[in-house]
Amino acid sequence: MLLTLDHVTVAFGGLVAVSDVSFSVSEHEVLGLVGPNGAGKTTLFNAISGLARPSKGKMTFCGHDLTGIPIHKRARIGIGRAFQVPQPMHELTVRENLIVAQHFGTGHSNPGKIDEILDLTRLGHKANRDAASSLALTEQKALEVGKALATNPRMLMLDEVLAGLETNGKRAFMQTLDDARQRFGVALLMVEHDIETISNTCQRVLVLNFGKLIADGSPEEVFRNPEVIRSYTGGETA
Ligand SMILES: Nc1ncnc2c1ncn2[C@@H]1O[C@H](COP(=O)(O)OP(=O)(O)OP(=O)(O)O)[C@@H](O)[C@H]1O
């Protein structure tokens, strides 16, 4: 098992954003995390990547207890994360952005892997261009995923990376992610609002509502589940 969460709760003062959540992620799995606005998806991602501290429960990754492990050490053991809003490092080229990310995640340089990532993300022709000013939105998102891949993850967490792309852009992007999964053997854990994309891509879907995990199963099972339908329609029957 790659990641295991055992009764994890994250609270902000009196507000319980993630409540008693347990699940596991296996090697190479493609897993979607969905739920209405405010359900706790980002907070759960933050807890796994080290940006939020659980008040209860236990998380392990590849046998390492994650309690008290800082963000950079989580990257070293194989937890990679790409954000919704791309954050290229200013005044660095595309290639330099990848090199810095690789150092952060692995502590050494591997130019061959950088070339592979440039090829996979179709950014090779822009490798020596300024990352902050010369990339279109899709390319910025591709670089965000490339940076996460450069840290050498065993599990890649994707936080609404498709937001803002139109249908064809989403399809092309999902293809890139699938190529990454096959070429680098990573598991994908993705927060995504687009249910169609989740249904077409994920083997398994987790649904959060008011911080609680209300469903965990195949997309077919989960999106037929009356409680899931109710969570999306605010209590009305769909
Ligand atoms: N740093 C924080 N301090 C206080 N409350 C927070 C904090 N971060 C999140 N929350 C609250 O925790 C709850 C869950 O928020 P979270 O952003 O995790 O939900 P989400 O499912 O990612 O929502 P969305 O789909 O809108 O991004 C919300 O009620 C939110 O207001």
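Scope of this entry: the structure provided in the associated data block. (Residues numbered from 1 in each chain as written. Predicted model: local features only at pLDDT ≥ 70, side-chain atom pairs only at ≥ 80, totals over all residues.)

### Observations concerning the environment of L44
Structurally, L44 is set in helix 1 (residues 41-49). For L44, a count of 28 C-beta atoms within 10 Å gives the class buried. L44 sits 105 residues away from L149 along the chain, and the two C-alpha atoms are 21 Å apart. Ignoring sequence-local partners within four residues, the contact set of L44 consists of V18, V21, L33 and L208. (Helix = DSSP H or I, 4+ residues; strand = E, 2+ residues; numbered from the N terminus. Buried ≥ 20, exposed ≤ 12 C-beta atoms within 10 Å, placed from the backbone. Contact = placed C-beta atoms within 7 Å.)

### Remarks on the nonpolar core
Formed by 62 residues in total, the largest nonpolar core has its most connected members in L33, L44, I48, M155, L156, L188 and L189. Ranked by residues supplied to this core, first place goes to helix 5 (residues 137-150) with 6 residues. Those residues in contact with L156 that lie beyond four places of it in its chain are G80, A82, A148, L149, V186 and L188. (Core = buried A, V, L, I, M, F, W, Y, C linked by C-beta atoms within 7 Å.)

### Structural notes on the site of the ligand
Close contacts around the ligand come from F12, L15, A17, G35, N37, G38, A39, G40, K41, T42 and T43, and that covers them all. Of all elements in the fold, only strand 2 (15-25) and helix 1 reach the threshold of two or more residues within the shell around the ligand. A per-element tally of the shell around the ligand places helix 1 first, with 3 residues. Its residues assigned to classes, the shell around the ligand shows 4 nonpolar, 6 polar and 1 charged. (Near = placed C-beta within 6 Å. Nonpolar A, V, L, I, M, F, W, Y, C, P; charged D, E, K, R; others polar.)

### Let's talk about helix 3 (residues 94-106)
Relative to the 18 Å expected for 13 residues at 1.5 Å per residue, helix 3 spans 18 Å between its end C-alpha atoms, a close match to the ideal helical length. Structurally, helix 3 contributes buried residues whose contacts are with helix 2 (71-76), strand 6 (79-82), helix 4 (111-120) and helix 5. Two residues or fewer after helix 3 comes G107, characterised by a positive phi angle close to 80°. (Expected span 1.5 Å × (residues − 1).)

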